[in-house]
Amino acid sequence: MPELPEVEGVVRALSPKIVGKVISRASLSETIYQSHQLGKQCIVKNMEPAAFEMALSGMEIKRVHRRAKYIFMDLEKDGNPFLLVNHLGMTGAWFVVQKEEDILEEKFKKHIHARFSLTTGELLIFSDIRRFGEFRLLHTIDEHPPLLQIAPEPFNQNALNYFLAKCELPKYANKPIKEVIMDGQVISGCGNIYATEALFHVGIHPARKTGRISKERKIALFEAIQKVLLESIEMGGSTISDYRNINGEAGGMQHRLKMYGKKICPNCSANTKTMTIGGRTSVYCPKCQH
Ligand SMILES: [Zn+2]
């Protein structure tokens, strides 16, 4: 699943290719139409596919930015601002191409769910193999309340104090630290890969109760999360399964990971262990993490 660094990579690659351009036509897949007919809302949420297509046609793309793991596109039509919120889900991927055939990997070409024709003649394409991706067309962020509850960006000045304050709440103090740092209302954009890495870096056991970790260690953990996220942004993200940037390229961070997916601890050579925390598989070293 793409995490914050991967989403940041998509935004940085997408932005210069589409900002300032106008969508002449939007077209959604047959799969999306069929799911809506069955009362399910595959990919496009809270809006009929035909209405979505019509609304997007004629919109100018003013800005592309990231908030946590969401891609925000600021759009404008007839002087009115709109916000297109996109989540990549497990396997969402964006492409900017002259024609569909330019998408080299067959699996992405086979699972195109949204095509936006740009007035410049290019195609902006959203492909999603497993279809957990999401689109929401809003006027303002307030229309989708979960977006308002996201913790500050992890690189913002107030993010550390926000995290420390949340850890004090009984709701979080009794939970395993790994579950807490992966909660988007506590820290934004720290998924399984980076939570696993940061906990290993500071030697904290993923199941340790949050309330039983000293303030100093929590600060060190927060700094480790920032560091691993920044490093991954620089490396172009981790490619664990089907993540691709908009040029169809894989990131390089997976080669730097020290604990995620490892069988042997790189520090002490002990066999790593796994346990399920908050529904997610967690890898850790039983000797180095306490
Ligand atoms: Zn170890």
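Quick caveat: nothing in here was measured; it's all calculated off a predicted structure.

**Examining the sheet that holds strand β6 (residues 112-118)**
Line of reasoning, step 1. Ordered by their spatial adjacency, four strands build an open sheet running β1-β6-β7-β5, and the pairing between neighbours is antiparallel. A single partner strand is all that each edge strand has here, and the edge strands are β1 (23-28) and β5 (92-97). With direction set aside, neighbouring strand axes in the sheet form an average angle of 15°.
Line of reasoning, step 2. Alignment of β5 against strand β7 (residues 123-128), held across six bridges, turns out to be antiparallel. Considered in β7, the bridge of W94 is made with F126.

**Concerning the coordination of the zinc ion**
Line of reasoning, step 1. Taken together, the protein donors to the zinc ion comprise C265 (SG), C268 (SG), C285 (SG) and C288 (SG), at separations of 2.2 to 2.3 Å.
Line of reasoning, step 2. Classification of the site at the zinc ion as tetrahedral follows from its four donor atoms and the range of 103 to 113° in their angles at the metal.
Line of reasoning, step 3. In primary-sequence terms, the residues that donate to the zinc ion follow C-x2-C-x16-C-x2-C. A residue pair is termed long-range when its members are at least 10 positions apart, and C265 in the loop between α9 (215-235) and β9 (273-277) and C285 in the segment after β10 (280-284) qualify at 20 residues. Like C265, the residue C285 is buried in the burial classification.

The rules behind these values
- Residues numbered from 1 in each chain as written.
- Predicted model: local features only at pLDDT ≥ 70, side-chain atom pairs only at ≥ 80, totals over all residues.
- Heavy atoms only, no water.
- Pairing = 2+ DSSP bridges.
- Helix = DSSP H or I, 4+ residues; strand = E, 2+ residues; numbered from the N terminus.
- Axes fitted to C-alpha atoms, helices over the stretch in contact; angles between N-to-C directions.
- Donors = N, O, S within 2.8 Å, 3.2 Å for Na, K, Ca; no water.
- Tetrahedral: all angles 85-135°; square planar, octahedral: opposite > 155°, others 65-115°.
- Buried < 20%, exposed > 50% of the residue type's maximum accessible area, 1.4 Å probe, protein only.

Honestly, that's just the spatial picture; any functional story needs more than this.
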